Amino acid sequence: MSAPTPVLSYSPVVLPVPGRPVDLQVRVTVPATGAAGLPVILFSHGHGPSNHLSSLNGYAPLAHAWAAQGFAVVQPTHLSSRTLSHLHSGPGSGSLFWRSRAEDMTHVLDRLDVVEAAVPGLAGRIDHGKVAVAGHSLGGHTASLLLGARATDPDDGRVVSLLEPRIKAGVLLAAPGRGGDVLTGPMTEAVPVFRSIDFSTMTTPALVVAGDEDDSRHFTDLGPDWHADPYHLAPGPKSLLTVFGAGHGLGGIAGYDAAETTDEDPARVAAVARLAAAYLRGALVPGDGAWKTACDELAAEAEPVGRVASKQGERGE
């Protein structure tokens, strides 16, 4: 067994943003030492019941694993975070600040040089041309918008595109699926923007990760297949990782020993992190064979953690 790779986690890096009610704060997690050319993963947190996992202080199992595998992970605290609950009675709160969440990532990219310079030992080590986005749950919705999906603003009826062309690939973790008539659960009115999501314009390459026991009845009666919609309804190239036995927490990606993780499984978390990293390395680094190797190894396992499907082409299935 190889020795663990030390990682450095630094926070908060504070970015003042004109017009934003509070400064944008981010955490940066990177390999403690090593060569330059680190690809960047912008990570969008979810909106779970814990107070601090929905902020830059959450998702350490993923951030640490990805940094150890050679990525620079940047985690902002979105305005929807429970740590900023004093903001939740103002404009935007009804839709969980869906637009500003995506805009946070654009602000980070606009000032990535500032973020890089703020972290001790990181200057000159980031590859600004190799940027991916990942997100869990509500963060998966944020990531889908940055990858090209469109939504209708429930306040004015306008179709909104928040595509960020500097982002070259993405990972959607337990992301919400299609809207329309399938949204029958009690949470539908709380997040009206989910009703209008259009994946047909999500052209950026992405890996969709869905647990086969992630049954989100508070939104829909479709069952776990709902979380695979971003794969089936978006144009290729896309890949789908279906994780066996996984609920919405995918084994506990949001935090170590998190009480709301109903399917806690450290091995499952490690596998999701490893496969997502392999996908992103293959998508961001020309000629890298990490994703093919990971898929071949998964298929050869006697008791695989899940299965992978992939597609190319112009239209979703």
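Before going into details, it helps to say that this report is about the structure given with it. (Residues numbered from 1 in each chain as written. Predicted model: local features only at pLDDT ≥ 70, side-chain atom pairs only at ≥ 80, totals over all residues. Heavy atoms only, no water.)

This structure, assessed with the given rule, holds eleven salt bridges. Among the ionic pairs, Asp104 bridges to Arg20, the shortest N-O distance being 3.1 Å. Of this pair, Asp104 sits in helix α2 (residues 98–110) while Arg20 sits in the loop between β1 (7–15) and β2 (24–31), and the two are 84 residues apart along the sequence. Residue class for Arg20 comes out buried when judged on its relative accessible area of 12%. Residues Asp153 and Arg99 are paired through a salt bridge, measuring 2.8 Å at the closest nitrogen-oxygen approach. Taken together, the positions of Asp153 in the loop between β6 (150–152) and β7 (159–161) and Arg99 in helix α2 put the pair 54 residues apart, joining distant regions of the chain. A single salt-bridge network, built from bridges that share partners, covers Asp110, Glu164 and Arg166. (Salt bridge = Lys/Arg side-chain N within 4 Å of Asp/Glu carboxyl O. Helix = DSSP H or I, 4+ residues; strand = E, 2+ residues; numbered from the N terminus. Buried < 20%, exposed > 50% of the residue type's maximum accessible area, 1.4 Å probe, protein only.)

Before going further, it helps to examine the pairing of strand β10 (residues 238–243). In terms of burial, β10 is a largely internal element, six of the six residues being buried. Both strand β9 (residues 206–211) and β10 contribute to a ladder of six bridges, which runs parallel. Across the sheet, Val209 pairs through a bridge with Leu241, a residue of β10. Note that β10 and strand β11 (residues 306–311) share six bridges and pair antiparallel. Paired with Leu240 across the two strands is Ala309, which belongs to β11. (Pairing = 2+ DSSP bridges.)

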